[in-house]
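Here is what each chain is made of, one letter per residue.
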Amino acid sequence: MATASIPHFTPLTFVYFLLFSSSSNLIMAVNITNLLSSYPDLSDFSNLLATTSVAADLTYRSSLTLLVVPNTFLRSSDLTHHSPSNLADVIRYHVLLEYLSWPDIRLIPAAGKLVTTLYQTTGRATNNFGSVNITRNPTTNTVSVRSPAAYSPSNATILTLIKTLPYNVSIFSVNSLIVPYGFDLMASETRPPLGLNITKALIDGHNFNVAASMLMASGVVEEFEADEGGAGITLFVPTDDAFSDLPATAKFQSLPADNKAVVLKFHVLHSYYPLGSLESIVNPVQPTLATEDMGAGRFTLNISRVNGSVAIDSGIVQASVTQTVLDQNPVAIFGVSKVLLPREIFGNHPMVTTKPDDAAQPPDIALSPESYVPPNHLSSPPGFRQDIRSEAANNGVQSIILAVCCIGLYLLLDLELPLPEE
């Protein structure tokens, strides 16, 4: 009886192949304020990230570069009298929606590189002034960041690399706060209130009577209107037909008043997004007003473009934008084809909608369709090993399990198997 051996592969071959082939597809949830917590001189900027809720918006982004202003430079800017909403947009202007390593920064051409920021995605930026232009002086190698507008008075110089998580997040310090061109930090302090009556706008739309009645009965409409003077709001309002098409299992009308209010807030984004911005939105996973009440990572909407229209996925249903009811900066109201049912309430195993201080654990949130984008340059940024150690802990556990499985597979394959006699 003849025997033949399966080609020999060492266990380490399997382990290395599996670890390095799979790790590039992992997208980690990043807590920016935790990354900055070990740097006392960055505490003021870290607090601004947290208090403006920008940090929560960055949690599930897979590729970004953050420009942080140290306390010594930030405190030279008088921010005490500025509008919180406008200050939030300035902080968004320091979030570049592209991963740039230190070698990438050093290779910036003298002509400059235009990079989109988180502020550009709000729809409040004029033209492309929500982007920044990064330039490098070929003589001194000094790298500057400024508005793409000609003669913009606001600019900053990159000082050093603070932290990097290849190829997801890099954090650089800069020597000044960067303000978008034509941006007045005091503007909303002196701007007269819009005075928009949301329920009247819905009634005038002739197909939103149910939603208008529910908003008035719940009292949340006053909260929506109070937010108009801030960063603005975007409402996704179900049509009357959408309420008629609710499945019997939803039992929306029988919800307690508090839960009804949460569902209504789930239909609202705490930023102004005109239709064009929704169609080209960079980060599909968007927090809602319900997220602000119930905790980061919960009650989020996934916004994308499907078959030529804007699709909104709640995790249970997918609705589409059917019409623009109102678009008057800072308020946008869109009609949608379905009632957006949050899975935290209407899922197969609905959760009790307790607030974060009630110690409830957030549900697993599906990762954004925003998939991993491979880097342009395969570089090994400074601090590679120490920076990814804590953030990769969970991935390490998965890798160990995969490695054990590989070793077992190797042992099976390494056996000599009998061949059938001729």
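Residues numbered from 1 in each chain as written. Predicted model: local features only at pLDDT ≥ 70, side-chain atom pairs only at ≥ 80, totals over all residues. Heavy atoms only, no water.

**Looking at unusual backbone geometry**
Worth spelling out the cut-off: Counting from the N terminus, the helices are the DSSP runs of H or I reaching at least four residues and the strands are the DSSP runs of E reaching at least two. For every residue, the accessible area (1.4 Å probe, protein chains only) is compared with the maximum for its type, and the residue is labelled buried under 20%, exposed over 50%, or partly exposed between those bounds.
A cis amide bond links P166 to the next residue, Y167, at an omega of -5°. Relative to the assigned elements, Y167 resides in the loop between β7 (155–165) and β8 (169–174). Phi is positive for N141, close to 65°, though the residue is something other than glycine. When you line up the elements, N141 lands in the loop between β5 (131–136) and β6 (143–146). Unusually for a residue other than glycine, F299 sits at a positive phi of about 55°. In this structure, F299 sits in the loop between α15 (289–294) and β12 (300–306). By relative accessible area, F299 is classed as buried at 0%.

**Looking at empty space enclosed by the protein**
Note the threshold: As defined here, a cavity is a set of points on a 1 Å grid over the protein atoms alone where a 1.4 Å probe fits but cannot get out. A pocket is an open set with protein on both sides within 12 Å along at least five of seven lines, and residues line them when an atom is within 4 Å of a point. Grid points are joined across faces, edges and corners, and a volume is the space filled by probe spheres set on the points.
Applying the stated criterion across every chain yields a total of one cavity of 30 Å³ or more. Here the largest cavity is characterised by a volume of approximately 120 Å³. Taken together, 14 residues form the lining of the largest cavity, with F236, V237, P238, L264 and H267 sitting closest to its centre. Sorting the residues of the lining of the largest cavity by element identifies α10 (209–218), β9 (233–238) and α13 (257–265) as the ones contributing at least two each. If one sorts the elements of the lining of the largest cavity by residue count, β9 sits on top with four residues.

**Focus: the sheet that holds strand β13 (residues 309–313)**
Keep this limit in mind: Two strands pair if DSSP finds at least two bridges between them.
The seven strands lie next to each other as β10-β9-β15-β14-β13-β12-β11, forming an open sheet whose pairing is mixed. Pairing within the sheet leaves two strands with one partner each, and these edge strands are β10 (268–269) and β11 (285–287). Across two bridges, β9 lies against β10 in antiparallel orientation. The residue of β10 that forms the bridge with L235 is V268.

**Remarks on the sheet that holds strand β2 (residues 64–68)**
Spatially, the seven strands line up as an open sheet ordered β3-β2-β8-β7-β6-β5-β4, and their pairing is mixed. A strand with exactly one partner marks an edge of an open sheet, and here the two such strands are β3 (95–96) and β4 (113–116). Note that β5 and β6 share four bridges and pair antiparallel. Looking at β6, one finds that R136 is bridged to V143.

**Here we look at the nonpolar core**
Put simply, the test is: Residues belong to a common nonpolar core when they are buried Ala, Val, Leu, Ile, Met, Phe, Trp, Tyr or Cys residues joined through side-chain atoms within 4.5 Å. By definition in these notes, contact holds between two residues if any of their heavy atoms fall within 4.5 Å.
Core analysis: the biggest nonpolar cluster contains 53 residues, and I198, F224, L235, F236 and I333 have the highest contact counts within it. Sort the elements by how many residues they give to this core and strand β15 (residues 331–336) lands first, with five residues. Beyond its immediate chain neighbours, meaning those up to four positions away, L235 contacts I198, F224, H267, V268, V331, A332, I333 and F334. With 46 residues, the next largest nonpolar core counts F45, L87, I105 and L161 among its residues.

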